[in-house]
Amino acid sequence: MDETERAGLLEKLGTVQQNQKYVIRSNKLGLDYTAWVQDDTGTNSKCYVMTIHDIGCSHSVFTEFVSQPEMRALKQRIVWVHVDLPGQEDDATPLTIEKYPSLDDIASELINIVDHLNIPQTVIFGEGAGANIASRFAIEYPSRVHGLVLVHPTGTTAGFMEMMKDKLNNWKLIHKGMNPDAEAYLIWHRFGRDAAKGYGDSQLLEANIREFSEKLYQKRTAKNLALFMDAFLNRTNLVDKLDKLTVDCLVAVGKKSSVINTTEKFYERLREARNNPQKMVNSPLLIADNVGDVLGEAPDVLAKSMQFFLQGIGLLSGLPMEA
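Residues numbered from 1 in each chain as written. Predicted model: local features only at pLDDT ≥ 70, side-chain atom pairs only at ≥ 80, totals over all residues. Heavy atoms only, no water.

As annotated in an unreviewed UniProt entry, the protein carries the name AB hydrolase-1 domain-containing protein and is attributed to Adineta steineri. A UniProt comment under Sequence similarities (unreviewed entry) is attached to the protein, and it reads "Belongs to the NDRG family." (UniProt positions renumbered as here; feature names shortened; annotations may be inferred.)

This is the structure in structure tokens:
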């Protein structure tokens, strides 16, 4: 897609306003997605990136990442569409459903967002459970996806220990609300194995964990979070479908992440599925040293990798490389 075509896509987004909130109904699921459009591009040429959050989070993890100084150049060239999955937005009303939709169904119904906003093609940027959902959407709608940025993706089903931890914490979330055990599990899931021992070994990590914990108690709706966690726990195997994932992917993981082994297996299987090293030229693996949370602890590294990746797949070609 050249710059003229991309400019034409912008015209189709004429009704989309800067930092505008959209509540978009999935009639199939009977649930609402919330999309926040962040557009600080001005008259610059641009592309579109849709973000999908992890369990225990909302779209705010991505607005905070985009606000980092290392993201300044990309922020000025990208229209961001930050998605809150059903019931996961800040201060959400408790869902009336007893079972959350499957990750496949959640992924499939993202089509309503890109259709509602008249976006023919987008990059999808997902973290954790959001990376799994992003991959499933790209498999089902490859023509609507220009590329994937996957932070901490997991492609396998839940292991025995993960299943036991999740089931215990889901029960406590539903019956007791947010509690220290569920909090500890979600901190381990998001910030890595070292963070589970305490507040970590850096002031930045300590501040990030404290902010995350406060939001778990103050912003997350416990029942909704438990339902989403249960859907993630009961995810189907994605690894065996990676031969159907045809778009380019940037895969990123922190070296101290709780899921580094499963993310490396995801990438290894992706390489095998591509069956040709030349097909992986624009699908790199980023392993960030000494961090468990790539978004929060290594925004400079991820920002630079994203810039190279987007340029490698033909986007932002006029953006100069920053030293």
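Trainee: Sorry, what's going on with the packing of aromatic side chains here?
Mentor: Given two aromatic rings, their pairing is described by the distance between the two centres and the angle made by the two planes. Following the criterion strictly, the structure yields six aromatic pairs and no others. Geometrically, the ring pair formed by Phe65 and Phe125 is edge-to-face, given 5.8 Å between the ring centres and 80° between the ring planes. Note that Phe65 is positioned in helix H2 (residues 60-66) and Phe125 in strand E5 (residues 122-127), a separation of 60 residues in sequence. Residue classification places Phe65 among the buried positions, given a relative accessible area of 2%. Residue class for Phe125 comes out buried when judged on its relative accessible area of 0%. Consider the rings of Tyr100 and Phe228, whose centres lie 5.5 Å apart with planes at 40°: the pair is tilted. Separated by 128 residues along the polypeptide, Tyr100 in the loop between strand E4 (78-84) and helix H4 (103-108) and Phe228 in helix H10 (residues 222-233) bring together distant segments of the chain. Judged by its relative accessible area of 0%, Phe228 falls in the buried class. (Phe/Tyr/Trp six-rings, centres within 6.5 Å; stacked < 30°, edge-to-face > 60°. Helix = DSSP H or I, 4+ residues; strand = E, 2+ residues; numbered from the N terminus. Buried < 20%, exposed > 50% of the residue type's maximum accessible area, 1.4 Å probe, protein only.)

Trainee: For this particular structure, what's the right way to read the side chain of Asp39?
Mentor: Relative to the assigned elements, Asp39 resides in strand E2 (residues 31-39). Side chain to side chain, Asp39 and Thr41 meet in a polar contact 2.5 Å long. (Polar contact = N/O pair within 3.5 Å; in protein donor to acceptor, adjacent residues only side chain to side chain.)

Trainee: Sorry if this is basic, but what is going on with unusual backbone geometry here?
Mentor: Phi is mostly negative for residues that are not glycine, and the peptide bonds are mostly trans. For Asn118, which is not glycine, the phi torsion reads 55° and is therefore positive. Structurally, Asn118 is set in the loop between helix H5 (111-116) and E5. The residue His152 is not glycine, and still its phi comes out positive at about 55°. Positionally, His152 belongs in the loop between strand E6 (145-151) and helix H7 (160-176).

Trainee: Would you mind going over the pattern of salt bridges with me for this structure?
Mentor: Where side chains of opposite charge bring their charged atoms close, a pairing between them can arise. All told, the structure shown has 16 salt bridges when counted by the stated rule. Among the salt bridges present, the one from Arg220 reaches Asp90, with a minimum N-O distance of 2.2 Å. Note that Arg220 is positioned in the loop between helix H9 (203-218) and H10 and Asp90 in the loop between E4 and H4, a separation of 130 residues in sequence. For Arg220, a relative accessible area of 9% translates into the label buried. Residue Asp90 is classed as partly exposed on the basis of its relative accessible area, which comes to 28%. When the shortest N-O distance is used, the salt bridge between Asp115 and Arg144 registers 3.0 Å. Residue Asp115 is located in helix H5, and its partner Arg144 is located in the loop between helix H6 (129-140) and E6; the two are separated by 29 residues in the primary sequence. For Arg144, a relative accessible area of 18% translates into the label buried. Beyond isolated ion pairs, a larger network of salt bridges with shared partners links Glu64, Glu211 and Lys215. (Salt bridge = Lys/Arg side-chain N within 4 Å of Asp/Glu carboxyl O.)

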